[in-house]
Structures are given as C-alpha cells and as structure tokens.
Amino acid sequence: MTSKNTSTRLLLALWDLGGTQQEVKKGQLTKRIVSKSQKVADYQGIFEELQKEGAIAISKKGYSLTSGKGLEVLGEGLRSGDFKFEGTIVGTWAANALVKWISQIDVAVTGADVPVNGKGAIASYDEFKSVALEVYEKLNQNYNLDDLVPIYRIRREIGDQITREDFNEWLLEMQEKDILQLQGGSLPDNDPGKLEDSVTTEVSGLRCYAKRLN
C-alpha cells in the first residue's frame, strides 16, 4: 500500500468519524481502514508518522485529528494529483466522506484555523517555527529562490493562522536563535503591500528576505 494514499485515507476516516470534536475509539477507526488482507500492525508506522507530524493525537483508547495541522495534511493529501483509492471497490463510507468534505471544505479548513478568541491557529513560537520552516522550504524549492525567500511570501502563505504581531515577533526570535537570517535589499517591484508584509526592525530597518542558516 502507498504510504501517502493510506495516510490520507486514514485521516479522511478519522475526520468523518468526528475526530476533530472527540476521540475516536481504535477499533472504530481500524474497522474502516484495515482490509481483510491486512493487519492493524501494518498501519503502525503510518500512525506514528502522522503523530510525529502533529496531524493526529494518540491515546491508549483512541485517536483524534488535530483541527489545524491534521486538517491541513488531509486537505493537501486529497488535493494531491497522486491521491487515489487502491483496488477495484471503494467503500461507501469513503465516497460519502468525500462528498461531505467537499460540501464542508470552507468550514472544515478555514474555520478550524480561526478559533473563537480571534487569534490564528498558531499559538506558540515552537509551532510557528515548524510552520515557517516548512513554508520556507516549500517556497524555496518550488520557485527556485536560491535560499533567499521573500518574507512577504512566507507571511501570505501562512495567512490568517497567525496575527501580524506574532508573525513579526516570532520571525525575529528565529533570527535571534540563528535559525533564519533576515536580510535587507529591495523587492523587484517595490510593491507597497509586499513591503508592508515584510518586517521592519528598530535597529536594522526593513528586512525583505529570509535565509535559513545551517
């Protein structure tokens, strides 16, 4: 079985069973995803990988889907051009879950990233660091930015998951801890909106680019 496809199918089942609101019993989940020719042990590595990634939480009794990272990983998996159901028969639950996902996509993904308190889903420096580095690597690789990623693109990619103030503070903290180096210079078009979405410090002034330090 393809690890990525299986991970996405697992997350879809967990979401469909209400895993963002409550813990789903282990037997209830495995009944859906483990076929007759497989064993629960075959999925152990995938469960551990998703837990390490922060997409799911595992307890002695069951599993739950994290509303931020878990839904993000599920959404990316479903949108992937490589995702497909293996075999010749697709379970009714899977088809119904996909229909429900499509009908609730805005609520499921966007709504989960904006809790009631008005702040973004990213609520700690450590979580921000993980997301920021992931976004940095994705932008750097996809757009061949030669390790110099515009800060405004990182901010816009993360979007409403975080307040502007927290983004500025925690990005500067990453520089203080020698994780990123924030550099000056000008943007090609010097668009006012892009400059505003960069970072300005009292000491160094406008910083437009981030470079990851080894």
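Above this text sits the structure in question.
Note that this is a predicted model, so its numbers are computed, not measured. (Residues numbered from 1 in each chain as written. Predicted model: local features only at pLDDT ≥ 70, side-chain atom pairs only at ≥ 80, totals over all residues. Heavy atoms only, no water.)

1. Notes on unusual backbone geometry
Stage number 1. Phi is positive for Asn144, which is not a glycine, with a value near 50°.
Stage number 2. Positionally, Asn144 belongs in the loop between α6 (125–142) and β4 (149–150).
Stage number 3. The exposed category is assigned to Asn144, whose relative accessible area is 68%.
Stage number 4. Although it is not a glycine, Asp147 adopts a positive phi angle of roughly 65°.
Stage number 5. Looking at where Asp147 falls in the secondary structure, it is placed in the loop between α6 and β4.
Stage number 6. For Asp147, a relative accessible area of 35% corresponds to the partly exposed category. (Helix = DSSP H or I, 4+ residues; strand = E, 2+ residues; numbered from the N terminus. Buried < 20%, exposed > 50% of the residue type's maximum accessible area, 1.4 Å probe, protein only.)

2. Here's the deal with the nonpolar core
Stage number 1. Ranked by size, the top nonpolar core spans 27 residues in total, and within it Leu10, Leu11, Leu29, Ile33, Phe47 and Ile56 carry the most contacts.
Stage number 2. At the level of elements, α1 (3–16), α2 (26–33), α3 (44–53), β3 (62–65), α4 (69–79) and α5 (92–110) are the ones that each hand at least two residues to this core.
Stage number 3. Not counting chain neighbours up to four residues away, the residues in contact with Leu29 comprise Leu10, Ala13, Leu14, Leu17, Val24, Phe47 and Tyr63.
Stage number 4. In this structure, Val131, Leu139, Ile162 and Ile179 belong to the second largest nonpolar core, which totals 24 residues. (Core = buried A, V, L, I, M, F, W, Y, C linked by side-chain atoms within 4.5 Å. Contact = heavy atoms within 4.5 Å.)

3. Some words on the side chain of Asp197
Stage number 1. Within the secondary structure, Asp197 sits in the loop between α9 (192–196) and β6 (199–201).
Stage number 2. Discounting chain neighbours no more than four positions away, the residues touching Asp197 are Ile151, Tyr152, Arg155, Arg156 and Arg164.

4. With respect to the packing of α6 against helix α7 (residues 151–158)
Stage number 1. One way to put it is that α6 packs onto α7 with a least axis distance of 10 Å and a crossing angle of 115°. In the crossing of α6 with α7, the sense of the turn from one axis to the other is right-handed. Here Phe128, Val131, Ala132, Val135, Tyr136, Lys138 and Leu139 of α6 come into contact with α7, specifically with Arg153, Ile154, Glu157 and Ile158.
Stage number 2. Here the residues of the contact of α6 with α7 sort into eight nonpolar, no polar and three charged. (Axes fitted to C-alpha atoms, helices over the stretch in contact; angles between N-to-C directions. Left-handed = near helix turned anticlockwise from the far one by under 90°. Nonpolar A, V, L, I, M, F, W, Y, C, P; charged D, E, K, R; others polar.)

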